[in-house]
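# Structural characterization, general
If you want the building blocks of each chain, they are given just below.
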Amino acid sequence: MALRLQMKHGVLAERDRLLDSPDTVLVLEPTVGSQARTKGQLYLLVTSMVPGPKAREATRLVAEAIRHEYYYDESAGIRVCIVKAILAANKRLTHARERSGLGTAEGTAPIGVAIAVVRDHELYVATVGPAEAYLSRGARLSTLPDPHRERGLPTPDLEPDVWRGEVAVGDQLVLVSP
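To start, this report covers the structure provided alongside it. Keep in mind it's a predicted model, so treat the numbers as computed, not measured.

## With respect to the sheet that holds strand E1 (residues 24-28)
The strand order across the open sheet formed by five strands is E1-E2-E3-E4-E7, and the pairing between neighbours is antiparallel. If you trace the sheet from one side to the other, it starts and ends with E1 and strand E7 (162-166), each paired once. Going from strand to strand, the sheet's axes swing by 10° on average, the running direction of each strand aside. Lying over the sheet, helix H2 (residues 53-72) contacts E1, strand E2 (41-48) and strand E3 (111-119), oriented at roughly 155° with respect to E2.

What follows is the structure in structure tokens.
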């Protein structure tokens, strides 16, 4: 019997968000059987340290690039596809940096990414920049941080690290924006 998961997520409604909030949240739970079996459910938080509509545009660009690259890349497993999707979003943001109003100096406005993929009872988590991920299992809280939190997207030397673990009944994963 397959493990059944109940996913609950607290996403603030668009009408309740602050006008200058730069966060973009994507929750994709595929209904197509083959896609659900091979790619799983995608939970994505993209944030910026700079508020405003231009930063929100940049976070949406990154979120859409990750979503598109992750679900349309059938060349490898989940871990490799997550890394490739983040690298593709980094490249796309680098090319659109001036249009997004994030400046041209290195590190002026880091974009953070927290991504989680759940497939059956497997959990894959990656964070880049100022976004964070926490896993609560029983009475323990585990932090799944990026070792270089001070730098976010875009960056020329990005090497995302993907954590893989098992999801058990009662586990809670939280993706956090500063």
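Now that the structure is up, let's keep going.
## Quick word on the environment of Val118
As for its placement among the helices and strands, Val118 is situated in strand E3. Sequence separation between Val118 and Val167 is 49 residues, and the spatial gap between their C-alpha atoms is 8.2 Å.

## Comments concerning the nonpolar core
Formed by 30 residues in total, the largest nonpolar core has its most connected members in Val62, Ile66, Tyr70 and Ile82. It is H2 that contributes the most residues to this core, eight residues altogether. Every residue in contact with Ile66, bar those within four places of it in the chain, is listed here: Leu44, Ala85, Ile86, Ala89, Val113 and Ile115.

## Quick word on the sheet that holds strand E8 (residues 172-176)
Read from one edge of the open sheet, three strands run E6-E5-E8, paired in antiparallel fashion. Two strands in the sheet have a free side with no partner beyond their single neighbour: strand E6 (140-143) and E8. In this sheet, adjacent strand axes meet at a mean angle of 20° when their direction is disregarded. Taken together, the five bridges between strand E5 (residues 132-137) and E8 define a ladder with antiparallel strand orientation. Residue pairing across strands places Ser136 opposite Gln172, the latter belonging to E8.

Cut-offs used in this document
Residues numbered from 1 in each chain as written. Predicted model: local features only at pLDDT ≥ 70, side-chain atom pairs only at ≥ 80, totals over all residues. Heavy atoms only, no water. Pairing = 2+ DSSP bridges. Helix = DSSP H or I, 4+ residues; strand = E, 2+ residues; numbered from the N terminus. Axes fitted to C-alpha atoms, helices over the stretch in contact; angles between N-to-C directions. Contact = heavy atoms within 4.5 Å. Core = buried A, V, L, I, M, F, W, Y, C linked by side-chain atoms within 4.5 Å. Buried < 20%, exposed > 50% of the residue type's maximum accessible area, 1.4 Å probe, protein only.

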